[in-house]
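Structure assessment
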Amino acid sequence: MAKKRHNEIDWTDEEEEIIWVSKSEIKRDSEQLKKLGAELIELTPQNLEKIPLDEDLKDAVRQAQSFRLEARRRQIQFIGKLLRNRDPEPIQEALDKVKNRHNQQQALLHKLELVRDQLIAMGDSSLNHLMDEYPHLDRQHLRNLIRSAQKEKEANKPPKAYRDIFQYLKTEIAEA
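Here is what the cut-offs are and how they apply
Positions within a chain are numbered from 1, following the residues in the order the chain's sequence is written. A pLDDT threshold of at least 70 governs which residues receive local features in this predicted model, and a stricter bar of 80 or more applies before side-chain atom pairs are shown or counted, although totals over entire chains, interfaces and linings include all residues. Note that the side-chain values use all heavy atoms of the structure and ignore hydrogens as well as water. Helix and strand labels come from DSSP, where a helix needs a run of H or I of at least four residues and a strand needs a run of E of at least two; each type is numbered from the N terminus. All radius of gyration figures rest on C-alpha atoms, and the globule criterion is 2.2 Å times the number of residues raised to 0.38. pLDDT expresses how confident the predictor is about each individual residue, on a scale running from 0 to 100. Here, patches come from residues exposed beyond 30% relative accessible area and free of salt bridges, joined within 9 Å for like charges and within 5 Å for nonpolar side chains (Val, Leu, Ile, Met, Phe, Trp, Tyr). Method for areas: the Shrake-Rupley scheme with a 1.4 Å probe, in which residue coverage is limited to the protein chains shown. Salt bridges are counted wherever a side-chain nitrogen of Lys or Arg sits within 4 Å of a carboxyl oxygen of Asp or Glu. Throughout, exposure labels follow a simple rule: accessible area from a 1.4 Å probe, protein chains only, divided by the maximum for the residue type, with under 20% read as buried, over 50% as exposed, and the rest as partly exposed. Just so you know, the domain bounds were taken from an automatic or database domain assignment. Residue contacts are counted whenever heavy atoms from the two residues lie within 4.5 Å of one another. Accessible surface is computed with a 1.4 Å probe, and the buried area is the amount of it that two parts give up when combined, taken over both parts together. For this classification, Asp, Glu, Lys and Arg are treated as charged, while Ala, Val, Leu, Ile, Met, Phe, Trp, Tyr, Cys and Pro are nonpolar and the rest, including Gly, are polar. To obtain an axis, a line is fitted to C-alpha atoms, over the contacting stretch when the element is a helix, and the angle between two such axes runs from 0 to 180 degrees between their N-to-C directions. For classification, angles of less than 35 degrees are called roughly parallel, those exceeding 145 degrees roughly antiparallel, those between 65 and 115 degrees roughly perpendicular, and all remaining angles oblique. Working rule for handedness: look at the near helix, and if it is turned counterclockwise from the far one by less than a right angle, call the crossing left-handed; if clockwise, right-handed. When two rings of Phe, Tyr or Trp (its six-membered ring) have centres within 6.5 Å they constitute a pair, described as stacked for plane angles under 30 degrees, edge-to-face for angles over 60, and tilted for the intermediate range. Over a ring means this: the NZ of a Lys or the CZ of an Arg is within 6 Å of the ring centre and within 35 degrees of the ring normal.

**Considering the overall build of the protein**
Assigned secondary structure in the protein consists of eight helices and zero strands. Along its sequence from the N terminus, the protein presents helices and strands in the succession α-α-α-α-α-α-α-α. Its C-alpha radius of gyration of 29 Å places the protein more than 25% over the 16 Å reference for a compact globule of 176 residues. With the C-alpha coordinates aligned to their principal axes, the bounding extent of the protein is approximately 100 × 45 × 25 Å.

Here's what the structure looks like:
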């Protein structure tokens, strides 16, 4: 067996696997982190509190929210750089939850619009079905609003009661 030179590396004894990463892949990852940073900047302060960020990153995001144009672009790059040293998975998961909550809220509001249109079109039969689902609603108040909305529609008046039905359903169902 030949002697091993002092400066030679024995690659067979190495337990860690060396992973080669291309320059393009590094750039793609960097762009991905910058996009994540840009999404964080668009959040409201209440939603930003729900994201697990350390203080340095949170401060950088808050600063970027007050910047415009070129300063914002540079701050987004800085946020991307800060994110390289952190695990982006929990941040992305929390961001997805916040966004999905918004999507669920939008879907609920669309559903309430459909319920309102159905109430006006079908009247008491639709109201009975709605009362079965949500017994805490005020049947008499809803019935008055439905009749007012139907009269407004027939007389081509502004849809005040139409909007009032939606607001009532929104406060009683969506925010309950």
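**Some words on the confidence of the model for the protein**
Residues of the protein with pLDDT of at least 70 account for 90%, and the chain-wide mean is 87. Put simply, helix H5 (residues 88-122) is where the protein has its lowest mean pLDDT, 88, and helix H4 (residues 69-84) is where it has its highest, 94.

**Things to note about a nonpolar patch on the surface**
Taken together, the side chains of Ile19, Val21 and Ile26 define a hydrophobic patch exposed on the protein surface, amounting to about 290 Å² of accessible area. As for its placement among the helices and strands, isoleucine 19 is situated in the segment before helix H1 (23-41). Taking relative accessible area as the criterion, isoleucine 19 reaches 67% and is therefore assigned exposed.

**Describing unusual backbone geometry**
The phi dihedral of leucine 69 is positive, around 50°, even though this residue is not glycine. With respect to the helices, strands and loops of the structure, leucine 69 is situated in helix H4. For leucine 69, a relative accessible area of 76% corresponds to the exposed category. A positive phi is found at asparagine 156, a non-glycine position, where the angle reads about 55°. One can find asparagine 156 in the loop between helix H7 (139-154) and helix H8 (160-174). A relative accessible area of 71% places asparagine 156 in the exposed class.

**Side note on the domain arrangement of the protein**
Under the domain assignment, the protein is made up of domain 1 (23-85) and domain 2 (95-173). Contact residues are listed per partner, giving seven residues for domain 1 and four residues for domain 2. Buried surface at the junction of domain 1 and domain 2, both sides included, amounts to about 450 Å², of which 70% is carbon and sulfur. Considering only the surface of domain 1 that becomes buried against domain 2, Glu39, Lys50 and Ile51 emerge as the three largest contributors, covering 65% of it. By residue number, the principal contributor to the side of domain 1 that touches domain 2 is H1, which donates three residues. When grouped by side-chain class, the residues that make up the side of domain 1 that touches domain 2 number four nonpolar, one polar and two charged.

**With respect to the packing of helix H6 (residues 124-133) against H7**
Between H6 and H7, whose axes approach to 11 Å, the crossing angle comes to 150°. As judged from the angle between their axes, H6 and H7 are roughly antiparallel. At the point where H6 passes H7, the crossing takes the right-handed sense. Residues Asp124, Leu127, Asn128, Leu130 and Met131 of H6 form the contact with H7, whose own contacting residues are Arg139, Leu142, Arg143 and Ile146. Here the residues of the contact of H6 with H7 are counted per class, giving five nonpolar, one polar and three charged.

**Topic: the packing of aromatic side chains**
As enumerated under the stated definition, the model contains zero aromatic pairs in all. If you follow arginine 116 out to its NZ or CZ, it ends over the ring of tyrosine 162, 3.8 Å from the centre.

**Focus: the pattern of salt bridges**
All told, the structure shown has twelve salt bridges when counted by the stated rule. Across the pair arginine 62 and glutamate 49 runs a salt bridge, and its minimum N-O distance is 3.0 Å. Here arginine 62, found in helix H3 (residues 55-66), pairs with glutamate 49, found in helix H2 (residues 45-49); they are 13 residues apart in sequence, far enough to count as distant. The exposure class assigned to glutamate 49 is partly exposed, which follows from its relative accessible area of 49%. For glutamate 70, the salt bridge goes to arginine 73, with nearest N and O atoms at 2.4 Å. You can see glutamate 70 and its partner arginine 73 sitting in helix H4, three residues apart, about one turn around the helix. Using a relative accessible area of 40% as the deciding quantity, one classes arginine 73 as partly exposed. Salt bridges sharing partners connect three or more residues here, namely Glu49, Lys58, Asp59 and Arg62.

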